[in-house]
Amino acid sequence: MKKVISLVIAIITSVSSAIAAPQVVADTTQVAKQAKKALKLMKKDNEKDWQKGFAMYRDAAYKGLRSAQRELVYFYMSQTPRAEDDAIEFATMLADEGEVEYQYLVGYYYTIVDSAATAPRNAVLGAHYLKIAADNGSVKASALYGMCLIEGRGCISDFDAAEHYFLIAANKDDDAAMEMLGEMYYFEKYGRVNLEKCFKYTMMAAERGNGDAIFNIGCLYMNGEGVTKNLDEAIYWFTKSSGLGNAGAKNNLALVMEEKNGKSDDALFLLRKSADEGDAMAQYNLGISYLSGDGVIKNEEKAFSLFRKSAEQGCAEGQRELGRAYLDGIGTTADSALGLKWLEKAVLQNDSTACVYLASCYFSGNGTDKDDDMGFVYVKKAADMGSALGLYAMGSSYLSGLGVAKSEETGFRYIKQAADMCNIAACEELIYLYLSGIGTMKNANLAINYGKRALELGSENKGAIYYNISFAYGDADKKTRNEYLRKSAELGFPDALINYGLYLFYGDGMPKNEKKAKEYFRKCAQQSDNPEASAEAKEIMKEIWNK
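It should be emphasised that the depicted structure is a prediction, and the values quoted were computed from it without experimental measurement.

Thresholds, definitions, all that
- Along each chain, the written sequence defines residue order, and numbers are assigned to residues from 1.
- Per-residue local features of the predicted model are confined to residues with pLDDT of at least 70, and side-chain atom pairs are confined, for both listing and counting, to 80 or more; whole-chain, interface and lining totals are unaffected and use all residues.
- Side-chain metrics in this entry use all non-hydrogen atoms of the structure; hydrogen atoms and water are not considered.
- Put simply, DSSP H or I for four residues or longer makes a helix, DSSP E for two residues or longer makes a strand, and each gets a number counted from the N terminus.
- Three exposure classes are used, based on accessible area relative to the maximum for each residue type with a 1.4 Å probe and protein chains only: buried under 20%, partly exposed in between, and exposed over 50%.
- Two N or O atoms form a polar contact when they lie within 3.5 Å of each other; inside protein one atom must be a possible hydrogen donor and the other a possible acceptor, and for residues adjacent in sequence the pair counts only when both atoms belong to side chains.
- Working rule for contacts: check all heavy atoms of both residues, and any pair within 4.5 Å makes them a contact.
- In summary, the pairing rule links any two rings of Phe, Tyr or Trp, Trp by its six-membered ring, whose centres are within 6.5 Å, and it sorts them by plane angle into stacked for under 30 degrees, edge-to-face for over 60 and tilted for everything else.
- Counted as over-ring charges are cases with an Arg CZ or a Lys NZ within 6 Å of the ring centre that also lie within 35 degrees of the ring normal.
- Within this scheme, the nonpolar core is defined by two criteria: the residues are buried Ala, Val, Leu, Ile, Met, Phe, Trp, Tyr or Cys, and they are joined through side-chain atoms within 4.5 Å.

**Side note on the side chain of Asn482**
- Counting through the fold element by element, Asn482 comes out in helix 27 (residues 478-490).
- The exposure class of Asn482 is buried, given its relative accessible area of 5%.
- Separated by 3.0 Å, the side chain of Asn482 and the backbone oxygen of Asp508 make a polar contact.
- Discounting chain neighbours no more than four positions away, the residues touching Asn482 are Tyr500, Tyr503, Asp508, Gly509 and Met510.

Written out as structure tokens, the structure is:
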């Protein structure tokens, strides 16, 4: 049979069209003899005998000779292009006779679309045969039918049933099923988040060489999800994934090495290599480095170029940053229309940060007509995704009545949710809300706690936070108050400069020191970018020293 693979497909089609419908086998021995005679004819060196023999052989298959059916499935699938309709016709006969391998093959054929496909698919029929094969013990069918149940491909989506079939296949060492179980136990959309189980099955698949699992196990070690965070293990698995050609692994490897050793030359090399190889996320991350000057010389033009490459590949993060670059003229000429276009593309991919940026455009009228109601729509979309930034923006909208009826209590609730998710701006806002009693009861202790949390999270507004914490301690603890006030003053925060100077001048909670007090007043008076505070400091100096 292998010698005739090169036969012209047109000839095969003409022969197959002349064959009658399947018949019931009356005499299996007679049919076997017919097939044997057909094979002898097909071995001859002339086309006429081969055609005659092939027609006889196909007729024997139609009459139910399984060996002929199997050979014809192989023959038709070996053609270039594949004669899939003919192949699946005989495979279906075998499947309907209970042969599990062919039940899987028929299910696979009708379900999977690949680059060599030559005929339409029928997902419903595919799922039907895959389920039969799975229930008859086919491990591969169990894994593939689980995917059908996940995606609703040819059947009603059912995550419980999918988990059942994946577990069957995983328990028989199918690495694809193991990898999918890892995903089911990771993503909230499947309704069964269990990071320990996620790690267990992902590791099982990774140890069996599953490429996706090898990458994913690196991510779990990198983020400490389902396992103790271990950067060395993350480096090991990302290195292995990178060796398999995963450009995204090079990107993550660079990030892990940066976290472990700082922005080292090795980390940058890997990030650049991954970006050069076309990984969209690496292009985005390298663009962020150039935008901030983190480990590289700041270069907004390079950042813009990388964001554009990333965005054009469909990376939501890249689209978002490209949109911002166009809106603000970062590394390119400002173009608000293009900015909105790319932000909207990122929003369509459910990028919550892009939703907040787009909302800001509507609130301010940047690149579009000012529309507070539409701005609030996008703020709510981000908040509904559970984004800390979205929740913070939602709280701010309620506090200010921007696009929604003003409600300080509702605003406070959203701000607190965002702060409890470690959003720095929300923590900073809570200090003020607790101190002023806006939307909640005044509570100096909680103001202090959220102030300290903002500092721990790396807030860049240390001067203001130190000042507010000092205000929260107040006269009840003058020593601690003055220590935080001093820290704020040393960072040049204007209100702290004035107040710390006054405490020094009058000796309130610390030894009196008029000379040192004058230095703080003078420093505030020289702040040209804070004219009001500067004028106040000058007035205090004039009043005190003229007495």
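Continuing now.
**Quick notes on the packing of aromatic side chains**
- Summed over the entire model, instances satisfying the criterion amount to 27 aromatic pairs.
- Taken together, a centroid distance of 5.5 Å and an interplanar angle of 55° make the contact between Phe54 and Phe75 tilted. Note that Phe54 is positioned in helix 3 (residues 47-62) and Phe75 in helix 4 (residues 66-77), a separation of 21 residues in sequence.
- Accessibility expressed as a relative area gives 1% for Phe75, which makes it buried.
- Ring geometry for Tyr109 versus Tyr110: centroids 4.9 Å apart, planes at 70°, classification edge-to-face. By the burial criterion, Tyr109 is buried, and Tyr110 matches it.
- Counting every residue linked through ring pairs, the aromatic cluster contains Trp50, Phe54, Tyr62, Phe75, Tyr76 and Phe90.
- A cation over a ring is seen here: Arg413 above Tyr414, with NZ or CZ 5.5 Å from the ring centre.
- Seen from the ring of Phe505, Lys512 lies directly overhead, with NZ or CZ sitting 5.8 Å from the centre.

**Overview of the nonpolar core**
- Grouped together as the largest cluster of nonpolar side chains are 69 residues, with contacts concentrated most on Phe166, Ile217 and Phe238.
- Those residues within four positions of Phe238 in sequence are excluded, and the remaining contacts are Phe215, Gly218, Cys219, Met222, Ala249, Asn252, Leu253 and Val256.
- Counting 48 residues, the second largest nonpolar core, distinct from the first, contains Cys361, Phe376, Leu391 and Ile431.

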